[in-house]
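Observations on chain architecture
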Amino acid sequence: MIQERLQHDISSKVLTWFDKSGRKDLPWQQNINPYRVWVSEIMLQQTQVATVIPFFVRFMEQLPTVAALAQSHEDQVLHLWTGLGYYSRARNLHKTAKIVCADHGGKFPNTVDTLSELPGIGRSTAGAITSIAFKKPAAILDGNVKRVLARYHAIDGWPGQSAVSKSLWQFAEAHIPEKRVADYSQAMMDLGATLCTRSKPDCDHCPLQTDCLAHEQGQPQRYPGKKPKKALPIKTTQMLMIKNPRGEILLEKRPSSGIWGGLWVFPQQENGACPEHYLDKLAVKASTVNSWQSYRHTFSHYHLDITPIEITLSDSPKMLMENNQQLWYNIQQPAEVGLAAPIKKLLAKLSQAQ
Ligand code: SF4
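Residues numbered from 1 in each chain as written. Predicted model: local features only at pLDDT ≥ 70, side-chain atom pairs only at ≥ 80, totals over all residues. Heavy atoms only, no water.

This next bit is on the packing of helix H3 (residues 34-44) against helix H4 (residues 49-62). At a minimum axis separation of 10 Å, H3 and H4 run at an interaxial angle of 140°. Regarding the angle of H3 to H4, the classification is oblique. Taken as a pair, H3 and H4 cross one another with a handedness that is right-handed. Each of Tyr35, Arg36, Val39, Ser40, Met43 and Leu44 in H3 lies in contact with H4, whose residues at this interface are Val49, Val52, Phe55, Phe56, Phe59 and Met60. For the contact of H3 with H4, the per-class residue count stands at 10 nonpolar, 1 polar and 1 charged. (Axes fitted to C-alpha atoms, helices over the stretch in contact; angles between N-to-C directions. Helix = DSSP H or I, 4+ residues; strand = E, 2+ residues; numbered from the N terminus. Parallel < 35°, antiparallel > 145°, perpendicular 65-115°, else oblique. Left-handed = near helix turned anticlockwise from the far one by under 90°. Contact = heavy atoms within 4.5 Å. Nonpolar A, V, L, I, M, F, W, Y, C, P; charged D, E, K, R; others polar.)

By size, the foremost hydrophobic cluster in this structure holds 93 residues, and its most contacted members are Tyr35, Trp38, Phe59 and Phe266. When residues of this core are assigned to domains, at least three fall in each of domain 1 (2-222) and domain 2 (234-353). Excluding residues within four positions of it along the chain, Phe59 makes contact with Tyr35, Val39, Met43, Pro64, Leu69, Val77, Leu80, Trp81 and Leu93. Of all hydrophobic cores here, the second largest spans 11 residues; its members include Leu240, Tyr278, Leu282 and Ile311. (Core = buried A, V, L, I, M, F, W, Y, C linked by side-chain atoms within 4.5 Å. Buried < 20%, exposed > 50% of the residue type's maximum accessible area, 1.4 Å probe, protein only. Domains from an automatic or database assignment.)

Here we come to the site of the ligand. Neighbouring residues of the ligand: Arg151, Cys196, Cys203, Cys206, Gln209, Cys212, His215 and Pro220. Looking at side-chain class alone, the shell around the ligand contains 5 nonpolar, 2 polar and 1 charged residues. (Near = heavy atom within 4 Å.)

This part covers the environment of Ser316. Tracing the sequence through the fold places Ser316 in the loop between strand S7 (303-313) and strand S8 (326-329). Between the C-alpha atom of Ser316 and that of Lys285, which follows or precedes it by 31 residues, the distance is 9.2 Å. Each residue touching Ser316, except ones within four places of it in the same chain, is listed here: Asn244, Pro245, Arg246 and Val284.

Our next topic: the domain arrangement of the protein chain. As assigned here, the protein chain comprises domain 1 (2-222) and domain 2 (234-353). The gap between the C-alpha centroids of domain 1 and domain 2 is 37 Å. Taken residue by residue, the interface counts 10 residues in domain 1 and 15 residues in domain 2. Taking both sides of the interface into account, the surface hidden between domain 1 and domain 2 amounts to around 950 Å²; carbon and sulfur atoms contribute 48%. Applying the counting criterion to the domain 1 and domain 2 interface returns 2 salt bridges. Here Asp75 and Lys253 are joined by a salt bridge, their closest N and O atoms 3.3 Å apart. Counting every contact that joins domain 1 to domain 2 gives 7 residue pairs in polar contact (both at pLDDT 80 or more). For the side of domain 1 that touches domain 2, the element with the highest residue contribution is helix H6 (residues 74-81), accounting for 5 residues. Within the side of domain 1 that touches domain 2, the residues separate by chemical class into 2 nonpolar, 5 polar and 3 charged. (Buried area = accessible area lost by both parts, 1.4 Å probe. Salt bridge = Lys/Arg side-chain N within 4 Å of Asp/Glu carboxyl O. Polar contact = N/O pair within 3.5 Å; in protein donor to acceptor, adjacent residues only side chain to side chain.)

Okay, here's the thing in structure tokens:
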């Protein structure tokens, strides 16, 4: 049965559909080169097309080439990424640009194996760059393509399990056409994003309807299987929103690895600790201390219950900048630095209150 379905030619149907109805005006489908394909693929991981478009356009305006990205400051890259989340993607992008310039003469390697050795480039992203930018046969298996293939072949189980992933890759490889590999990769991603959507697949307009097993079973949403749920642990923290008499807010830079790596955040301390404790380090006193309502921010692997505390200082501290790891952030004229999502939200609230 698997052998029989491996030989199904879905590519001609998908390409015919793409020619007629697929999107061809997305920003990364213009002036195609490996750099643009790579940046778009990384941005599109776990993020929808409509969200990515303005981020991609702004990124390309400021950092139009791999050399420009390699020479940029990490703060600029994280600033351009602020709001997209999963910041390790941006840090890896920066690292990889430096490697491409230092070790590959500024040109992207053109094979899946060599591309996959670069930070943040997995097998599917390597396949997208190879097929779309270099027009060489290579399979892709991003979230959209996984969904289409899991449904078309009715593959049970969560794609994070190695047996399920193995079958999906087998099918992805088997369906690569001999010609038009770049269009085929784009067509499969587009079909998953626009027709074979997570909750409302539009099977009536799908070119694969006649042979799709999930459609035949009448339950396309059953595929792909969901990740088994685990209860997430809960952590707590105080975020100190310290304002100097000029209304600027104290931010600190996180270490480059770990959660919010390289981003700028409010000073944090354990819940329940006295805010004055932190101020002693700056040798300043507070004129007002105001605790805000706690709220929950959820990461993929834990919940963080945040208690924001607004502190207004009576004087500016004399000494601050330790190794450029702290800054006074002016909300009206913001510095170009990367901000973690909860920090950005709290700064917006502070700005409204000012
Ligand atoms: S027929 Fe329906 S479930 Fe099957 S691939 Fe098309 S949209 Fe998805």
